[in-house]
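Remarks on the overall topology
What follows is the residue order along each chain.
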Amino acid sequence: MKLFDCPHCRHRLYFENAQCLNCSSLVLYDPDHACFALAGADGALACTNADECACNWRAEPGQAFCRACALNQLIPDLSVDGNRSRWIRVEAAKKRAIYSLLAFGLPVAPKQNPGDEAGLAFDFLADPIGGGPGGEHILTGHDNGLITLNVAEADSAEREKRRVEMGENYRTLLGHFRHELGHYYWDRLIRDDAQRLEAFRALFGDERAGYEQALNNHYANGAPPDWQQGHISAYATSHPWEDWAETWAHHLHITDTLEMVHALNFPLGRLETVEANDLPRSDTGGVLQAAPAEPAQAHEPFEKILARWLVLSEASNSINRCMGLPDLYPFVISDRTAGKLAFVHELVTGLPKDAGTNRELARAF
């Protein structure tokens, strides 16, 4: 994520702004150019969901919805108390996820029909009142391009309860979106490409192993004690597909956060005494010296991006501890995990670009 300028007065805007706080101009985010436009200028019209879920994106030319809202298939029942505010929070997280996809030049297009596996769609649903027959609950997940999310995850208290019950050290709406999108893009980018599939299996394992049984084993027995040596999270050990989705999500966490650091011109420490191939994975080590946060280019080796991330995550975690808060990034990146992250990076930055969408791979992230 980056910072933006008001198209009228050049005052700073943030991604969620719908109005400039300096000149009061109404503004709309234009995903095709990754900038804001003045509402009504040059045909820039608000998405139909502007008054429904606080959408601040420009409607697609000749269409009622913006590029992100057009992906919605089902939304929560707005007659239920609290569901509108939940939907607003869900949409805000979804748009941040979509932003990163467009920036990397990934294909983002709505499903044309129920059988369209290549298209992307979202269902935002709530548990049936009373839990439904047999106490069923809406499960967050992905199925052939359809991502379902339980809007209860928008309630901080409920999400924290589930995080504790699941033994997780991180659980956010944005994290859910990035993880499930990882499953979608595995189908799009790896499944039908023999060379990529072979490379995937060499790093993540053979995805043909029984998925349902693997998940049952994970929930029954937990992760192996040495899981941090090769996985970004305990859940990533359950099956190669989940390892991929977790790694994909963390690549987006890292690159999106570093883009904001660069936009803020925030100085990051530079590792002067450690070679890139010898970077420690649990802390930064070396001698920290203030240096401007350098942009991460598409052609840049992921080791250099990771070096900056290790500095930032150590600093952020240390600051949070001073405030009595949990670590901002409570994860260890081992050498094997770094190799998996590098695989994701090389894949998404090596894709052919479509000029019809926002492609800013030369910008910082």
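See the structure shown above.
Residues numbered from 1 in each chain as written. Predicted model: local features only at pLDDT ≥ 70, side-chain atom pairs only at ≥ 80, totals over all residues. Heavy atoms only, no water.

What follows is about the environment of Arg171. Following the sequence through the fold, Arg171 ends up in the loop between α3 (156-165) and α4 (173-189). Ignoring anything within four residues of it in the chain, the contact list for Arg171 reads Glu153, Arg159, Arg162, Arg163, Met166 and His176. There is a polar contact of 2.5 Å between the side chain of Arg171 and the side chain of Glu153. (Helix = DSSP H or I, 4+ residues; strand = E, 2+ residues; numbered from the N terminus. Contact = heavy atoms within 4.5 Å. Polar contact = N/O pair within 3.5 Å; in protein donor to acceptor, adjacent residues only side chain to side chain.)

Pairing within the open sheet is mixed, and its four strands lie in the order β5-β6-β8-β7. Of all the strands in the sheet, the pair left with one neighbour each is β5 (72-74) and β7 (141-143). On average, each strand axis in the sheet is inclined to that of its neighbour by 30°, with strand direction left out of account. As judged from the three bridges shared by β7 and strand β8 (residues 146-150), these two strands associate in the antiparallel manner. When the sheet's bridge partners are listed, His142 is paired in β8 with Ile147. Along the sheet, helix α2 (residues 83-103) contacts β5, β6 (121-125) and β8; its crossing angle with β6, the most-contacted strand, is approximately 150°. (Pairing = 2+ DSSP bridges. Axes fitted to C-alpha atoms, helices over the stretch in contact; angles between N-to-C directions.)

Another point: the pairing of β6. Where burial is concerned, most of β6 is hidden: four out of the five residues are buried. As paired strands, β5 and β6 are joined by two bridges and run parallel to one another. Bridge pairing in β6 places Leu74 opposite Asp123. Handedness of the crossover joining β5 and β6 through α2 is recorded here as left-handed. (Buried < 20%, exposed > 50% of the residue type's maximum accessible area, 1.4 Å probe, protein only. Right-handed = clockwise from strand over helix to strand, strands pointing away.)

A few words on the environment of Leu78. Note on placement: Leu78 falls in the loop between β5 and α2. Each C-alpha atom, one on Leu78 and one on Glu52, is 9.6 Å from the other, the two residues being 26 residues apart in sequence. Those residues within four positions of Leu78 in sequence are excluded, and the remaining contacts are Glu52, Asn83, Arg84 and Trp87.

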